[in-house]
Amino acid sequence: MSKVAVIFWSGTGNTEAMAGAVADGAKEAGAEVSLLTCGEVTTVDGFDAVALGCPAMGSEELEEGEFQPMLESIEPALVGKKVVLFGSYDWGTGEWLENWEARCAEKGIKLAAESVKANNTPDEDALEACKKLGAAIA
Ligand SMILES: Cc1cc2nc3c(=O)[nH]c(=O)nc-3n(C[C@H](O)[C@H](O)[C@H](O)COP(=O)(O)O)c2cc1C
């Protein structure tokens with residue numbers, strides 16, 4: 001059985017709701033899933049696939065207090081694993097996610113499916129896209 005980690009940071013719950021749907025999608029597709037806040041993560045060793053969720057923060061950036069340091073620490077170990085990205089945003093156009101995708105490419109991290117973004121609270125369509133994202137890495 002494939003082992004999937006869904007790792008997220010969420011300030012007001014929108015990305016957390018997306019993470020729950022990603023986890024549900026992976027579980028329904030038969031994976032063993034760990035749903036983790038970024039503070040709970042020290043290693044991704046032992047996982048076959050990792051879904052990472054963070055909203056647009058700063059100025060089209062990832063959250064820098066907890067998420068970025070965690071991400072930096074696990075990035076070398078993400079190379080060669082199945083990785084996907086998701087998150088919520090508000091007034092922008094999703095530039096933070098494009099920046100994050102470019103960062104992954106620079107570090108040699110290949111994305112296994114198209115990233116999913118939700119404007120504020122994820123609607124039914126966004127939650128369905130999150131479930132498919134989870135299934136894609138299960
Ligand atoms: C400090 C801060 C910075 C933000 N910066 C951006 C931004 O650059 N672009 C954007 O589209 N939304 C931005 N947002 C909006 C959040 O991405 C949006 O509220 C999102 O739904 C929060 O997700 P969460 O509930 O998972 O924390 C920002 C919000 C905060 C609190």
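Throughout what follows, the structure given in this document is the object of discussion.

Here is what the cut-offs are and how they apply
- Residues numbered from 1 in each chain as written.
- Predicted model: local features only at pLDDT ≥ 70, side-chain atom pairs only at ≥ 80, totals over all residues.
- Heavy atoms only, no water.
- Salt bridge = Lys/Arg side-chain N within 4 Å of Asp/Glu carboxyl O.
- Helix = DSSP H or I, 4+ residues; strand = E, 2+ residues; numbered from the N terminus.
- Buried < 20%, exposed > 50% of the residue type's maximum accessible area, 1.4 Å probe, protein only.
- Near = heavy atom within 4 Å.
- Polar contact = N/O pair within 3.5 Å; in protein donor to acceptor, adjacent residues only side chain to side chain.
- 1 Å grid on protein atoms, 1.4 Å probe; cavity = no way out; pocket = protein on both sides within 12 Å on 5 of 7 lines; lining within 4 Å.
- Sits in = over half its atoms within 2 Å of the grid points.
- Nonpolar A, V, L, I, M, F, W, Y, C, P; charged D, E, K, R; others polar.
- Points joined across faces, edges and corners; volume = space filled by probe spheres on them.
- Expected span 1.5 Å × (residues − 1).
- Arc of directions from axis to C-beta.
- Contact = heavy atoms within 4.5 Å.

### Some remarks on the pattern of salt bridges
Then step 1. Applying the stated rule across the entire model yields four salt bridges.
Then step 2. A salt bridge links Glu75 to Arg103, with the shortest nitrogen-to-oxygen separation between them at 2.7 Å. Of the two residues, Glu75 sits in helix H2 (residues 67-78) while Arg103 sits in helix H3 (residues 95-106), which places them 28 residues apart along the sequence. Taken individually, Glu75 and Arg103 each receive the classification buried, so the pair is uniform in this respect.
Then step 3. When the shortest N-O distance is used, the salt bridge between Glu75 and Lys107 registers 3.5 Å.

### As for the site of the ligand
Then step 1. Taken together, 18 residues are adjacent to the ligand, and Ser10, Gly11, Thr12, Ala56 and Ser88 come closest.
Then step 2. A distance of 2.7 Å separates an oxygen atom of the ligand from a polar backbone atom of Gly11.
Then step 3. At 2.8 Å, a backbone N or O of Thr15 approaches an oxygen atom of the ligand.
Then step 4. More than half of the atoms belonging to the ligand lie within 2 Å of the grid points that define the largest pocket.
Then step 5. For the shell around the ligand, the secondary structure elements donating two or more residues are helix H1 (14-28) and strand E4 (82-89).
Then step 6. Of the residues belonging to the shell around the ligand, the class tally is five nonpolar, 11 polar and two charged.

### Things to note about the layout of surface pockets
Then step 1. Space inside the largest pocket adds up to approximately 320 Å³.
Then step 2. Where the lining of the largest pocket is concerned, the elements lending two or more residues are H1 and E4.
Then step 3. Per-class residue counts for the lining of the largest pocket are six nonpolar, 10 polar and two charged.

### Considering helix H4 (residues 124-136)
Then step 1. When the terminal C-alpha atoms of H4 are compared, their 18 Å separation across 13 residues agrees well with the 18 Å that a helix rising 1.5 Å per residue should span.
Then step 2. Taken together, the buried positions of H4 are occupied by Ala126, Cys130, Leu133 and Gly134. Summarising the axial view, the buried residues of H4 lie within an arc of 95 degrees, below the 170-degree limit, and thus occupy one face. For H4, the exposed residues lying more than 90 degrees away from the buried face are Glu124, Asp125 and Lys132.
Then step 3. Looking at the buried residues of H4, the elements they touch are H1, E4 and strand E5 (116-119).
Then step 4. Regarding H4, its N-cap is Asp123, as a side-chain oxygen of that residue lies 3.2 Å from the backbone nitrogen of Asp125 further along.

### Looking at the environment of Gly39
Then step 1. Positionally, Gly39 belongs in the loop between strand E2 (32-37) and strand E3 (49-53).
Then step 2. Gly39 sits 30 residues away from Pro69 along the chain, and the two C-alpha atoms are 9.9 Å apart.

### Some details on H3
Then step 1. Taking 1.5 Å of rise per residue, the 12 residues of H3 would be expected to cover 16 Å, and the 17 Å separating its terminal C-alpha atoms lies within 8% of that figure.
Then step 2. Along H3, the positions that sit buried rather than exposed are Trp96, Leu97, Trp100, Arg103 and Cys104. For H3, the arc enclosing every buried residue in end-on projection is 115 degrees, short of the 170-degree limit, so these residues lie on one face. Facing away from the buried side of H3 by over 90 degrees, the exposed positions are Ala105 and Glu106.
Then step 3. Each element contacted by the buried residues of H3 is listed here: E3, H2, E4 and E5.
Then step 4. Taken from the residues just after H3, Gly108 is the one with a positive phi, measuring 80 degrees.

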